[in-house]
Amino acid sequence: MENSNNLPLGVTAEMVKAWKERYGENNVKVAQLPTNDDGSETLDVIVRVPDRKTLGEFEKWVDKAPDKAKEILINACVLTHKDEVKADDGLFMAAFDALSKILPYRSATIKNL
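About the cut-offs
- Numbering of residues starts from 1 in every chain and runs along the sequence as written.
- Only residues with pLDDT of at least 70 are given local features in this predicted model, and only at 80 or more are side-chain atom pairs given and counted; all residues enter the totals for whole chains, interfaces and linings.
- Excluded from the side-chain calculation are hydrogens and water; included are all heavy atoms of the structure.
- A run of DSSP states H or I qualifies as a helix once it reaches four residues; a run of E qualifies as a strand once it reaches two. Both are numbered from the N-terminal end.
- The classification of residues rests on relative accessible area computed with a 1.4 Å probe and restricted to protein chains. Under 20% of the type maximum is buried, over 50% is exposed, and intermediate values are partly exposed.
- Contact definition: two residues touch when any of their heavy atoms are within 4.5 Å.
- All accessible-area figures derive from a Shrake-Rupley calculation using a 1.4 Å probe, and residue coverage is judged against the displayed protein chains alone.
- Two residue types count as positive, namely Lys and Arg, and two as negative, namely Asp and Glu; His and chain ends fall outside the count.
- A charge is said to be at NZ when it belongs to Lys, at CZ for Arg, at CG for Asp and at CD for Glu.
- Two strands pair if DSSP finds at least two bridges between them.
- Expected helix span is given by 1.5 Å per residue-to-residue step, counting one fewer step than there are residues.
- For the purposes of this section, nonpolar cores are sets of buried Ala, Val, Leu, Ile, Met, Phe, Trp, Tyr and Cys residues that join through side-chain atoms within 4.5 Å.
- Note on aromatic contacts: the rings of Phe and Tyr and the six-membered ring of Trp form a pair at centre separations within 6.5 Å, being stacked when their planes are under 30 degrees apart, edge-to-face when over 60 apart, and tilted otherwise.
- By definition here, charges over rings are those cases where NZ of Lys or CZ of Arg is within 6 Å of the ring centre and within 35 degrees of the ring normal.
- With axes taken as lines fitted to C-alpha atoms, and helix axes fitted only over the stretch in contact, angles between N-to-C directions fall between 0 and 180 degrees.
- Under this scheme an angle from 65 to 115 degrees is roughly perpendicular, one under 35 degrees roughly parallel, and one over 145 degrees roughly antiparallel; angles in between are oblique.
- Side-chain classes follow a simple rule in which Ala, Val, Leu, Ile, Met, Phe, Trp, Tyr, Cys and Pro form the nonpolar group, Asp, Glu, Lys and Arg form the charged group, and the remainder, Gly included, forms the polar group.

Thoughts on the overall build of the chain
Next, step 1: When helices and strands are counted, the chain shows five helices and two strands.
Next, step 2: The C-alpha extent of the chain, read off along each of the three principal axes, is 55 × 30 × 25 Å.
Next, step 3: A total of 113 residues make up the chain; the buried ones form 33% of that total.
Next, step 4: Intrachain contacts of the chain at a sequence separation of at least 6 include 43% that bridge at least 24 residues.
Next, step 5: Put simply, the chain shows about 7,800 Å² of open surface, and 48% of that area lies on carbon and sulfur atoms.
Next, step 6: If you average the places of the 16 positive and of the 19 negative side-chain charges in the chain, the two averages end up 12 Å apart.

Concerning the pairing of strand S2 (residues 42-48)
Next, step 1: S2 sits mainly inside the fold: six of its seven residues count as buried.
Next, step 2: Direction of pairing for strand S1 (residues 28-34) relative to S2: antiparallel, over a ladder of seven bridges. Counterpart to valine 28 in the pairing with S2 is arginine 48.

What to know about helix H3 (residues 66-77)
Next, step 1: Between its first and last C-alpha atoms H3 spans 17 Å; for twelve residues at 1.5 Å apiece the expected length is 16 Å, and the two agree.
Next, step 2: Buried within H3 we find Ala69, Lys70, Ile72, Leu73, Ile74 and Cys77.
Next, step 3: For H3, the elements touching its buried residues are S2, helix H2 (52-61), helix H4 (82-87) and helix H5 (89-101).

Some words on the nonpolar core
Next, step 1: Membership of the largest hydrophobic core comes to 19 residues, with the highest contact counts inside it found for Leu33, Val45, Ile74 and Leu99.
Next, step 2: Where this core is concerned, the elements lending two or more residues are S1, S2, H3 and H5.
Next, step 3: Ranked by residues supplied to this core, first place goes to H5 with seven residues.
Next, step 4: Discounting residues that sit within four places of it in the chain, valine 45 has contacts with Lys29, Val30, Ala31, Leu33, Thr80, His81 and Val85.
Next, step 5: Residues Leu7, Trp19, Tyr23 and Val28 belong to the second largest nonpolar core, which totals seven residues.

Some points on the packing of aromatic side chains
Next, step 1: Following the criterion strictly, the structure yields one aromatic pair and no others.
Next, step 2: Between phenylalanine 58 and phenylalanine 96 the ring centres are 6.2 Å apart and the planes differ by 40°, which places this aromatic pair in the tilted class. Of this pair, phenylalanine 58 sits in helix H2 while phenylalanine 96 sits in helix H5, and the two are 38 residues apart along the sequence. Summarising the burial analysis for this pair, phenylalanine 58 and phenylalanine 96 share the class buried.
Next, step 3: The ring of tryptophan 61 has lysine 68 lying over it, and the distance from NZ or CZ to the ring centre is 3.7 Å.

Observations concerning the packing of H3 against H5
Next, step 1: With their axes 10 Å apart at the nearest point, H3 and H5 run at an angle of 80° to one another. Judged by the inter-axis angle, H3 sits roughly perpendicular to H5. Contacts from Lys70, Glu71, Leu73, Ile74 and Cys77 of H3 reach H5 at Phe92, Met93, Ala95, Phe96 and Leu99.
Next, step 2: Residues of the contact of H3 with H5, tallied by class, amount to eight nonpolar, no polar and two charged.

And the structure:
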């Protein structure tokens, strides 16, 4: 559900401003997580783009303990409804999917000399 400012329920413009100041203007996003299997109902959560430190921690565990790696991303990057997301496997995996889509990887172009 959203309020009249197109922000998820419970999120104020002041909260968004503070997050953007802390994490960067373009690094705070809204992720719509499906709450049921057909995706007809969703939960809007605020997430942030993972920074280099968070990615380093995630990558350290991704091969050894994938569940721990996912927890690192969720704990660091889901800014609202974190307890709800962590309590539900479907929401947890949807949040991980959302975060994987905003990982700050750029593709390089390789050219011959």
